[in-house]
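Summary of structural features
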Amino acid sequence: MKATEKLEPIEAASRDELLALQFDRLKRTLHAAYERIPHYRKKFDSAGVHPSDFNRASDIARFPFTTKDDLRQNYPFGMFAVPMDEIVRIHASSGTTGKPTVVGYTKGDIATWSSLIARSIRAGGGRASDKVHVAYGYGLFTGGLGMHYGAEHLGAAVIPVGGGNTERQVQLIADFKPDILMATPSYALAIADEMERQGLSARDCSLRVGILGAEPWTETMRGEIERRIGIDALDHYGLSEVTGPGVAAECLETKDGLTLWEDHFFPEIIEPDTGRVLPDGEAGELVLTTLTKEAMPVIRYRTRDLTRLLPPTARTMRRIERIKGRSDDMLIIRGVNVFPSQIEAVLGREPQLAPHYLLEVRRPQSLDELDVLVEIRPELSGTLNAEAMSALARKAEHLIKAYVGLTATVRVLEPATIERSQGKAKRVVDRRPKN
Ligand code: DLL
């Protein structure tokens, strides 16, 4: 069967059809938010706008943004648009500081969400006959349960392993022979490492596709995962505040960025400092408005994720470029702005290095210093002497200087020395004094 034969009609709809649908849904969402959520009524009123001012899609720019802080101020359930008897699920995103942000779902929301995940899995070449190994965490995190319901909706056989206990993950993959792996990209690599530690050939395992996301990663990392596990590694994007996973997914046939499910989410790219809406193709912060959420519609949510809107390819919906990082993850070191993903991309140019790395920022005196800890590839374990390791470090320092413009100290380590995460990888340790 050709991929297009399996598409939902809306996935192949004309731009005009899609724009008309977005307009109707935006209007309905603005009214629902204003009428049912006091926070939005107050915010719209003080900005001097009313849902009836929304007459064309570009009018959305007249409405105020929503931030994580707005959600926190209304903790836990103040952003819900429906009474609790209509809520069937609650998730929360922990965040590193302060209160978590809480999201609620109606039965209808769960059905929509599941269908979007099922659509995403189909876009990745998944089908009902597949077995899906879910290694995203279950619980309040949206990854595990979100993907689980979507894979079931597709009719696939779900193996709800959850995060952690990597030894057991490997055993289950060897025994159950799943077709699809769902995990963070860093955890997919940790699973590959463990397979090899157990003497199994990761490349020969049953897996065919990885649906990987929840953290920034690079093309180099994709190459590494594909080569080592012998799969197609596809990017998957979402965030709890607007639903969870299932916002944008990469299509197997093009692997060129993530198709954003525009029938359910309205994207804008803004200049982070001014809030000005940027034209398609320009890099900035992704802002999302939900178009079909019942329990918790979100208007112009500032994701902090940096990307660009790209024209449609595999579908008629627009794509987002691989997320470069979060504006709040940007490090400023001696005046140079740097994202962990930039360092990752540079390290990826050196074939002897593995994509397991950690950035440590210190301020021993008055100036910031960046230490980059990075492992050599597992197959080189024990083969490089101290001199070779230090030559490799100097080479990596040179690459960082050349491509990022930053003087860093690189320390090259043996495999499996940097702590592995079972979910989102921690890439930065900031040891600078807080003042
Ligand atoms: O991470 C939802 C998810 C689960 C997405 C499983 C994909 C797969 P949160 O915990 O709320 O939700 O974190 C959302 O993670 O704003 C991004 O900064 C980051 N993120 C998510 N997907 C990607 C990706 C889930 N593909 C935050 N690339 C988002 C880069 C990503 N960053």
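Calculation criteria
Residues numbered from 1 in each chain as written. Predicted model: local features only at pLDDT ≥ 70, side-chain atom pairs only at ≥ 80, totals over all residues. Heavy atoms only, no water. Near = heavy atom within 4 Å. Polar contact = N/O pair within 3.5 Å; in protein donor to acceptor, adjacent residues only side chain to side chain. Areas by Shrake-Rupley, 256 points an atom, 1.4 Å probe, with all protein chains shown as cover. Helix = DSSP H or I, 4+ residues; strand = E, 2+ residues; numbered from the N terminus. Nonpolar A, V, L, I, M, F, W, Y, C, P; charged D, E, K, R; others polar. Patch = residues over 30% accessible without salt bridge, like charges linked within 9 Å, V, L, I, M, F, W, Y side chains within 5 Å. Salt bridge = Lys/Arg side-chain N within 4 Å of Asp/Glu carboxyl O. Pairing = 2+ DSSP bridges. Buried < 20%, exposed > 50% of the residue type's maximum accessible area, 1.4 Å probe, protein only. Contact = heavy atoms within 4.5 Å.

Thoughts on the site of the ligand
Contacts to the ligand come from 19 residues, most closely from D235, H236, S240, D305 and K424. One nitrogen or oxygen atom from the main chain of E215 is found 3.2 Å from a nitrogen atom belonging to the ligand. Between S240 and the ligand, the recorded distance is 2.3 Å, taken from a side-chain N or O atom to an oxygen atom. Isolated, the ligand exposes 610 Å² of accessible area, and the fraction of that covered by the protein chains is 94%. Broken down by secondary-structure element, the contributors of at least two residues to the shell around the ligand are α5 (142-154) and β7 (232-239). Broken down by element, the shell around the ligand gets its largest block of residues, five residues, from β7. Residues belonging to the shell around the ligand are distributed by class as follows: eight nonpolar, six polar and five charged.

Description of a nonpolar patch on the surface
Together, F77, M84 and I90 give the surface a local cluster of nonpolar side chains, amounting to about 250 Å² of exposed area. Counting through the fold element by element, F77 comes out in the loop between α3 (68-73) and β1 (87-93).

Let's talk about the sheet that holds strand β12 (residues 301-307)
Strand order in the open sheet made by the four strands is β10-β11-β12-β15, with antiparallel pairing throughout. The sheet is open, and its two borders are formed by β10 (265-270) and β15 (325-326), each paired with just one other strand. Pairing of strand β11 (residues 284-290) with β12, which is carried by four bridges, proceeds in the antiparallel orientation. Across the sheet, V287 pairs through a bridge with R302, a residue of β12.

With respect to the side chain of R302
As for its position among the elements, R302 is in strand β12. Using a relative accessible area of 12% as the deciding quantity, one classes R302 as buried. Apart from residues no more than four positions distant in its own chain, R302 is found in contact with F65, T66, T67, I270, P272, E285, L286 and V287.

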